[in-house]
Amino acid sequence: DPQQTELATASKRKLRRFIVIDEVVDKLYGSKVRKYFEENNVQHKILALPTTEETKSMDLVLNILHEVQSFSLDRRTEPIIAIGGGVCLDIVGLAASLYRRRTPYIRVPTTLLSYVDASVGAKNGVNFLQCKNKLGGYTPPVASFLDRSFLQSIPRRHISNGLGEILKMALMKHKGLFDLLKNHGKYLLDTKFQSCNGFAHHGDAALQTTRIAIETMLEELAPNLWEDDLDRLVDFGHLISPELEMRVLPSLMHGEAVNIDMAFMTYVAHARGLLAAEDKEQILQCMRGLELPVWHSGCSWALIQRALRERLKHSGGQLRMPLPTGLGVADIFNDTSEETLERAYKLWVKD
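Residues numbered from 1 in each chain as written. Predicted model: local features only at pLDDT ≥ 70, side-chain atom pairs only at ≥ 80, totals over all residues. Heavy atoms only, no water.

Caption draft 1: Highlighting the domain arrangement of the protein chain. For the protein chain, the domain assignment lists domain 1 (15-151) and domain 2 (155-224 + 232-350). Across the boundary between the two partners, domain 1 contributes 19 residues, which contact 30 residues of domain 2. Interface area, domain 1 with domain 2, both sides summed: about 1900 Å², of which 68% is carbon and sulfur. It is Leu112, Leu113 and Arg148 in domain 1 that bury the most area against domain 2; as a group they hold 33% of the surface buried on that side. For the pair domain 1 and domain 2, the number of links is 1 salt bridge. Residues Lys132 and Glu245 are paired through a salt bridge, measuring 3.3 Å at the closest nitrogen-oxygen approach. Between the two partners, domain 1 and domain 2, sit 4 residue pairs in polar contact (both at pLDDT 80 or more). Only α5 (112-118), β5 (123-128) and β6 (131-138) provide two or more residues apiece to the side of domain 1 that touches domain 2. Examining the composition of the side of domain 1 that touches domain 2, we find that 5 residues originate from one element, α5, more than from any other. (Domains from an automatic or database assignment. Contact = heavy atoms within 4.5 Å. Buried area = accessible area lost by both parts, 1.4 Å probe. Salt bridge = Lys/Arg side-chain N within 4 Å of Asp/Glu carboxyl O. Polar contact = N/O pair within 3.5 Å; in protein donor to acceptor, adjacent residues only side chain to side chain. Helix = DSSP H or I, 4+ residues; strand = E, 2+ residues; numbered from the N terminus.)

Shown next, in the form of structure tokens:
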């Protein structure tokens, strides 16, 4: 907004920013962040915190809010900046939404998962009573700043973890994205999504993959930002995974748990006759190529039943089960029988 820019630059008050940064990211990039604010003559406070699924709680939100209050932040002109993975962005988003009823905030994702998932949309939240994101709200950021250079310092497993959420969008909405992952998955893992010269045969697979993943996510989220419609293709991989992820913490990362859910649902789609055997095998082969787990011993039949009962409670009494009906096409189903689910589960475990 030009008027806001003029107001900010014309003011005699020094520019001020409050930044929450994940403590691991701070060790890697904290000095660069501090140098940036110093060179631009911005008074700043940087709060480095351990932001993991285990620490994703209201306690951490309140910790942030105590620091924000002591910084005397002006909510009209001084957005809070969150720099980190999805957990960091979620926690800061909730803190910002609570401070003086709503304070603007900016997301700067530093992992692949947060780049294509947490940076998009309006949701924020924390875990509560061992339930994933049980407390939260819908407060979109004023901006998300996307910089793939952060990804070069994250471990290979974290790249794979983010590929799980990208594969979700490919299977639900975009055959071209699925083909990109199938053909360039190993290259994307090896290069950590950096755009490398001298790899012309890959094109700019990193840019194409992230752009399509974000665009397809936005296509799904934008018309239904507040989730008034509970029929959501983006829920694929999120029916069983919240229960599984919280149950086995910290052994599975979010994208890994989502992929295990997607693998099971691929078997459900095949058991229902929605998905040809060769398509099922292509999907599983792609998952393995992206170095994602396709099964976990913690995903018992009892856990699946419990997770689906929870799903019924919170989705208006219907399962609203997104299932692939081909590669890059999907639909939502409410009539999957327990017998079909159990048959799919037995085949999945056997394979």
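Now that the structure is up, let's keep going.
Caption draft 2: Local environment of unusual backbone geometry. Of note, the bond from Leu249 into Pro250 is cis; its omega dihedral lies within 30 degrees of zero at 0°. Inspection of the secondary structure puts Pro250 in the loop between α9 (241-248) and α10 (254-271). Positive phi, close to 50°, is recorded for Arg100, a residue that is not glycine. Residue placement: Arg100 occurs in the loop between α4 (86-98) and β4 (105-109). Notably, Gln130 is not glycine yet its phi reads approximately 60°, a positive angle. Along the chain, Gln130 falls in the loop between β5 and β6.

Caption draft 3: Quick look at the environment of Trp301. Tracing the backbone shows Trp301 in helix α12 (residues 301-314). The sequence separation of Trp301 and Thr210 amounts to 91 residues, and the corresponding C-alpha distance is 34 Å. Setting aside residues no more than four positions away along its own chain, Trp301 makes contact with Glu338, Leu341, Glu342 and Tyr345.

Caption draft 4: Region of interest: the UniProt feature "domain: 3-dehydroquinate synthase N-terminal" (unreviewed entry) in the protein chain. Feature annotation in UniProt places "domain: 3-dehydroquinate synthase N-terminal" (unreviewed entry) on residues 48-160, given in this structure's numbering. The annotated region residues 48-160 carries 35% helix and 25% strand content, and the separation between its end C-alpha atoms amounts to 26 Å. (UniProt positions renumbered as here; feature names shortened; annotations may be inferred.)

Caption draft 5: Broad picture of the packing of aromatic side chains. In the structure shown here, the tally under the stated rule is 8 aromatic pairs. Taken together, Phe264, Trp301, Tyr345 and Trp348 form an aromatic cluster joined through their ring pairs. Taking the ring centre of Phe71 as reference, the NZ or CZ of Arg16 above it sits at 4.0 Å. (Phe/Tyr/Trp six-rings, centres within 6.5 Å; stacked < 30°, edge-to-face > 60°. Lys NZ or Arg CZ within 6 Å of the ring centre and 35° of its normal.)

Caption draft 6: Spotlight on the pairing of β4. Of all 5 residues in β4, 5 are buried, a share of seventy percent or more. The alternating pattern of β4 places Tyr105, Arg107 and Pro109 on one face and Ile106 and Val108 on the opposite face, and all of these are buried. Pairing between strand β3 (residues 80-84) and β4: 5 bridges, direction parallel. Within β4, the position partnered with Ile80 by the bridge is Tyr105. Of the strand pairs in this sheet, β4 and strand β7 (residues 143-144) are connected by 2 bridges, and their pairing is parallel. Looking across to β7, one finds that Arg107 is bridged to Ser144. (Buried < 20%, exposed > 50% of the residue type's maximum accessible area, 1.4 Å probe, protein only. Pairing = 2+ DSSP bridges.)

Caption draft 7: Quick peek at the pairing of β6. Pairing analysis gives 5 bridges linking β5 to β6, with the strands arranged antiparallel. Bridge pairing in β6 places Asn124 opposite Gly137.

Caption draft 8: Representation of the environment of Lys123. As for its placement among the helices and strands, Lys123 is situated in strand β5. Expressed as a C-alpha distance, the spacing of Lys123 and Leu225, which sit 102 residues apart in the sequence, is 8.6 Å. Every residue in contact with Lys123, bar those within four places of it in the chain, is listed here: Asp90, Arg107, Gly137, Tyr138, Glu227 and Arg232. Within polar-contact distance, the side chain of Lys123 engages the side chain of Glu227 at 2.9 Å.

Caption draft 9: Molecular detail of the packing of α10 against helix α13 (residues 338-350). Where α10 meets α13, the closest approach of the two axes is 8 Å, and the angle between their N-to-C directions is 120°. Considering their axes alone, α10 and α13 lie oblique with respect to each other. The two elements α10 and α13 cross, and the hand of that crossing is right-handed. Listed contacts from α13 to Ile260, Ala263, Phe264, Tyr267, Val268, His270 and Ala271 of α10 are Thr340, Leu341, Arg343, Ala344, Tyr345, Leu347 and Trp348. (Axes fitted to C-alpha atoms, helices over the stretch in contact; angles between N-to-C directions. Parallel < 35°, antiparallel > 145°, perpendicular 65-115°, else oblique. Left-handed = near helix turned anticlockwise from the far one by under 90°.)

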